[in-house]
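# Inside the fold
Now for the letters of each chain:
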Amino acid sequence: MKEEEGNNFCNRKIDSCFFMIENLNAMKKIFLLILVSFVYLNSQAQPVPAEDENIPHLMTFGPKAGTSWGDDDFSQTFFFVIPEEHTSPIFIRVFDPDVGGEVDEINGFWDTKVSYTIYGGLKCYTEQDATGVDPVGNYKSGNMLANRVFGENPRYDNDWFTFGPFNPTEGELVRKYGGYIFKIICEGVEGDDGNMYRYFVSTSGTENKRIEGANAFAYEYSFRMHNDQNEVSHIYPYIDDRTISVEQKNFDWDADGLIRVVSVARQGLKCEVSGDDTWSQNQFKILEEEIGTSLDFQFIKKKSPPVKNNNVVVSVKNQYGELLPFFTIPIGGVPKYKYSIGVKKKE
Ligand SMILES: [Ca+2]
Ligand SMILES: [Ca+2]
Ligand SMILES: [Ca+2]
Ligand SMILES: [Ca+2]
């Protein structure tokens, strides 16, 4: 081989090497793009509880259960926000609506009935009693759009039941949330067992299909923790510009590890936690940087002794005693602690 040819051969080899590296980079970029869009799509979905919350199930007991099972009032209200731009029909789907079978918590034998009622129209959200922690007064406000009672029913154990279709305009238009609001109340009617369930607001009556820009929120969350001690559950109350301080309140935590608050400016504020069948609360001041962001309440289980089947109730109020909404898709995203802010602050 002549020297010149040898050089050419070398150059070609180097060229193809560069080509491969460029290809590799392009592949990495494509992979990243797929990953990012997957995460984005996921965060746009409307399971309730949502992925970022990592809460296995909502929990509502029959009215004969003792509160030591972890439900203080046998009633849970959720609101769905459908953006104004969305004009096609929507469906509200319930996972494991029954009380019995594989998913749910038995107390003696299955004898519980729960009702799910969907409300829309004027005052379904803006009625003051609808947005409290207690099922009192006119909390069932608005137009009743659908209702169904479930007992033990193998047909819907570990499976979905679908309400709807509803026209989005059947909800109540609430400008500050940019859309129509629907309310769903799950309530224990009879018995003493625990109903575990989830929701999904969908464009389809037969499967879970996301509605772009939709969200869901509650003012009091009654839920089942994971049994796996390595799983951390989260809720994300939104801090608006009127908030100076907040009070968190939790019920029947069974001393299961710790509840802490993380935010853009907070690395981990420990909250007062409740024992069996008790309430606990504490107040803390909101930092300037936290305005317009969500707080991340983290529910971290203790390693031993393990607490199984732990049901807990949580709410957060501002200094006026107004409850803060927990959005299932946190407003402004999941807050990440920023060292540059945090080091200047004392908690
Ligand atoms: Ca029972
Ligand atoms: Ca079930
Ligand atoms: Ca259930
Ligand atoms: Ca509990």
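Read on for an overview of the structure. Per chain, residue numbering runs from 1 following the sequence as it is written. Throughout, the order in which chains and ligands are written sets their labels, letters from A for the former and numbers from 1 for the latter. Only residues with pLDDT of 70 or above have their local features reported here, since the model is predicted, and side-chain atom pairs are shown and tallied only from 80 upward, although totals for entire chains, interfaces and linings are computed over all residues. Values shown for side chains rest on all heavy atoms present in the structure; no hydrogens or waters enter the calculation.

### Structural notes on the overall build of the chain
- A run of H or I in DSSP becomes a helix once it reaches four residues, and a run of E becomes a strand once it reaches two; helices and strands are each numbered from the N terminus. Helix and strand counts for the chain stand at two helices and 20 strands.
- Burial classification: accessible surface area is computed with a 1.4 Å probe over protein chains only, and a residue below 20% of its type maximum counts as buried, one above 50% as exposed, and the rest as partly exposed. When each of the 347 residues of the chain is scored for burial, the buried share is 50%.
- Each accessible area value is a Shrake-Rupley result obtained with a 1.4 Å probe; residue values ignore everything except the protein chains displayed when judging cover. Put simply, the chain shows about 17,000 Å² of open surface, and 53% of that area lies on carbon and sulfur atoms.

### Examining the sheet that holds strand β15 (residues 258-263)
- Here four strands make up an open sheet; going across it, the order is β13-β18-β15-β16 and the pairing antiparallel. Bordering the open sheet on either side are β13 (232-235) and β16 (266-270), each of which pairs with just one other strand. Taking the axes of each pair of neighbouring strands and ignoring which way they run, one obtains an average angle of 25° across the sheet.
- Should DSSP find at least two bridges between two strands, the strands are taken to pair. When β13 meets strand β18 (residues 296-300), the two strands line up antiparallel, connected through four bridges. Across the sheet, residue S233 finds its bridge partner in β18, namely F299. What counts as an axis is a line fitted to C-alpha atoms, over the stretch in contact for a helix, and the angles between N-to-C directions run from 0 to 180 degrees.

### Considering the coordination of the calcium ion (ligand 1)
- Within the protein, N107 (O), F109 (O), D111 (OD), D192 (OD), D193 (OD) and D193 (OD) serve as the donor atoms for the calcium ion (ligand 1), at 2.2 to 2.8 Å.
- Geometry at the calcium ion (ligand 1) is irregular, judged from the six donor atoms that bind it and their angles of 48 to 171° at the metal.
- Along the chain, the residues donating to the calcium ion (ligand 1) fall in the pattern N-x1-F-x1-D-x80-D-D. Here D193 lies in the loop between β9 (179-190) and β10 (194-202) and F109 lies in the loop between β4 (90-95) and β5 (113-120), a separation of 84 residues in the sequence. Coordinating donors are taken to be N, O and S atoms lying within 2.8 Å of the metal, or within 3.2 Å when the metal is Na, K or Ca; because water is excluded from the atom set, some sites may appear incomplete. Any coordination sphere not matching a tetrahedral pattern (four donors, all angles between 85 and 135 degrees) or a square planar or octahedral pattern (four or six donors, opposite donors over 155 degrees apart, other angles between 65 and 115) is reported as irregular.

### Quick word on the coordination of the calcium ion (ligand 2)
- Looking at the calcium ion (ligand 2), the protein donor atoms are D96 (OD), D96 (OD), D98 (OD), G100 (O), V103 (O), D104 (OD) and D157 (OD), and they sit 2.3 to 2.6 Å from it.
- One chain supplies every donor for the calcium ion (ligand 2), spaced along it as D-x1-D-x1-G-x2-V-D-x52-D.

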